[in-house]
Amino acid sequence: MSRLWKSELVLRLDRMRCRAEVRSAWRRELQASAEVEGVGPTLIAMAIQALRDQGVVLPKQACLLVSEEQAYLSLLPADTAWSGATPRATAHFAESLGRLDLVVRVAALPGGRWWLAAAIDPTDLLAWQRAVEQEGMALSNVQLGLLADLRVLASRIADRSVLALLRDEGVLLLRLSEGSPVELRWERCDPQAHACIEQRVQAFLKSGEVNEVEPMALLCRTPAQHDRWQRLAQAHGWTLLLPSDALPVEAGT
């Protein structure tokens, strides 16, 4: 488990960048951060070294947040006992992907109606673990970056809405009901191709079963990306969001 009474290194690993943050014990306040760009597990070592170059004394444990590009995701109805959630998710990915070797985990979503199932290639997981251990730390916790984003954004988005999260290799689209995801779609495309993403978002908005117009929020990665989307968002009445300084991490793996 993640020992939240001790300071911890949080690594946010995306396809083409890695952000490293040192959080204080208890209140999880940001003490130091660094972000590097590149490809592959070597990003982990680069981000950790960037903190060391700042003179930061690093904790002994690290938590890893991984992006959707590096996991298979699915929403499953929570209509059976929780004890059967992981076996059911494992069977789901085995049927849909034809693989039995994936590392599968399930998270309960607010409202109790859906589970978020994730499957990660064990080769990737081992590479991340080795990258952390080679820097003299233990990998205590692996989570989806999506779950951290949803915890940060919970108070900033409507209970019934559509949320688009811009990523390195596309956009993740979520339909929320009572503040919890009820539909999920990953659209792989160039995040700089605004017209393409606009079309994917519009199609997702029209696919909903509700009759009323759903509020739409777009999560940008950086202030520069936020500025580039301003005009298009205003034209459609979308809300633009930036990540909060908070990066909440829950205990557990």
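Structure's up top.
Residues numbered from 1 in each chain as written. Predicted model: local features only at pLDDT ≥ 70, side-chain atom pairs only at ≥ 80, totals over all residues. Heavy atoms only, no water.

Enquirer: When you look at the environment of C18 in this model, what are you seeing that I'm missing?
Expert: Assignment of secondary structure puts C18 in strand β2 (residues 17–23). Take C18: its relative accessible area is 0%, and that puts it in the buried class. It is 6.5 Å that separates the C-alpha atoms of C18 and E37, two residues lying 19 residues apart in sequence. (Helix = DSSP H or I, 4+ residues; strand = E, 2+ residues; numbered from the N terminus. Buried < 20%, exposed > 50% of the residue type's maximum accessible area, 1.4 Å probe, protein only.)

Enquirer: So what exactly am I meant to see when it comes to the pairing of strand β12 (residues 216–219) here?
Expert: Looking down a regular strand, the side chains alternate between one sheet face and the other. Residue alternation in β12 divides its side chains into two sets, M216 and L218 and A217 and L219, and both sets are buried. In the sheet, strand β9 (residues 161–167) pairs with β12 via four bridges, with the strands oriented parallel. Paired with V162 across the bridge in β12 is M216. Two strands pair when backbone bridges link them, and β12 and strand β13 (residues 239–241) are joined in this way by three bridges, in the parallel orientation. Each residue of the ladder has a partner; that of A217, found in β13, is T239. (Pairing = 2+ DSSP bridges.)

Enquirer: Hey, could you run me through the packing of aromatic side chains in this one?
Expert: Geometrically, a pair of aromatic rings is defined through the distance of the ring centres and the angle of the planes. Counted by the stated rule, this structure contains one aromatic pair. A centroid spacing of 5.7 Å and a plane angle of 75° characterise the contact between W82 and W115, whose relative ring orientation is edge-to-face. Highlighted residues: W82 in the loop between β5 (72–77) and α2 (85–97) and W115 in strand β7 (residues 114–120), separated in sequence by 33 residues. Residue W115 is classed as buried on the basis of its relative accessible area, which comes to 4%. The ring of F204 is capped by R175, whose NZ or CZ atom sits 4.4 Å from the centre of that ring. (Phe/Tyr/Trp six-rings, centres within 6.5 Å; stacked < 30°, edge-to-face > 60°. Lys NZ or Arg CZ within 6 Å of the ring centre and 35° of its normal.)

Enquirer: Mind showing me how you'd approach the side chain of H226 here?
Expert: Along the chain, the position of H226 falls in helix α6 (residues 223–228). The residues touching H226, leaving out its near neighbours within four places in the chain, are C220, L240, L241 and L242. (Contact = heavy atoms within 4.5 Å.)

Enquirer: Just to check I follow, could you spell out the sheet that holds β9 for this structure?
Expert: Through backbone hydrogen bonds, the strands of a sheet pair up, either in parallel or in antiparallel fashion. One open sheet holds the five strands; their spatial order is β11-β10-β9-β12-β13, and the pairing between them is mixed. Lying at the two open borders of the sheet, with one neighbouring strand each, are β11 (180–188) and β13. Each neighbouring strand pair of the sheet contributes to a mean axis angle of 20°, computed without reference to strand direction. Pairing of β9 with strand β10 (residues 170–177), which is carried by seven bridges, proceeds in the antiparallel orientation. Looking across to β10, one finds that R167 is bridged to G170. (Axes fitted to C-alpha atoms, helices over the stretch in contact; angles between N-to-C directions.)

Enquirer: Would you mind showing me how to read the pattern of salt bridges here?
Expert: Side-chain pairs of opposite charge can arise where the charged atoms are in close proximity. The full count for this structure, using the stated rule, is 21 salt bridges. When the shortest N-O distance is used, the salt bridge between D121 and R99 registers 3.1 Å. A residue pair is termed long-range when its members are at least 10 positions apart, and D121 in the loop between β7 and α3 (122–133) and R99 in the loop between α2 and β6 (103–108) qualify at 22 residues. Through salt bridges with shared partners, a single ionic network connects R12, D14, R17, E35, E68, D149, R167, D168 and R221. (Salt bridge = Lys/Arg side-chain N within 4 Å of Asp/Glu carboxyl O.)

Remember, this is a structural readout, not a statement about activity or role.
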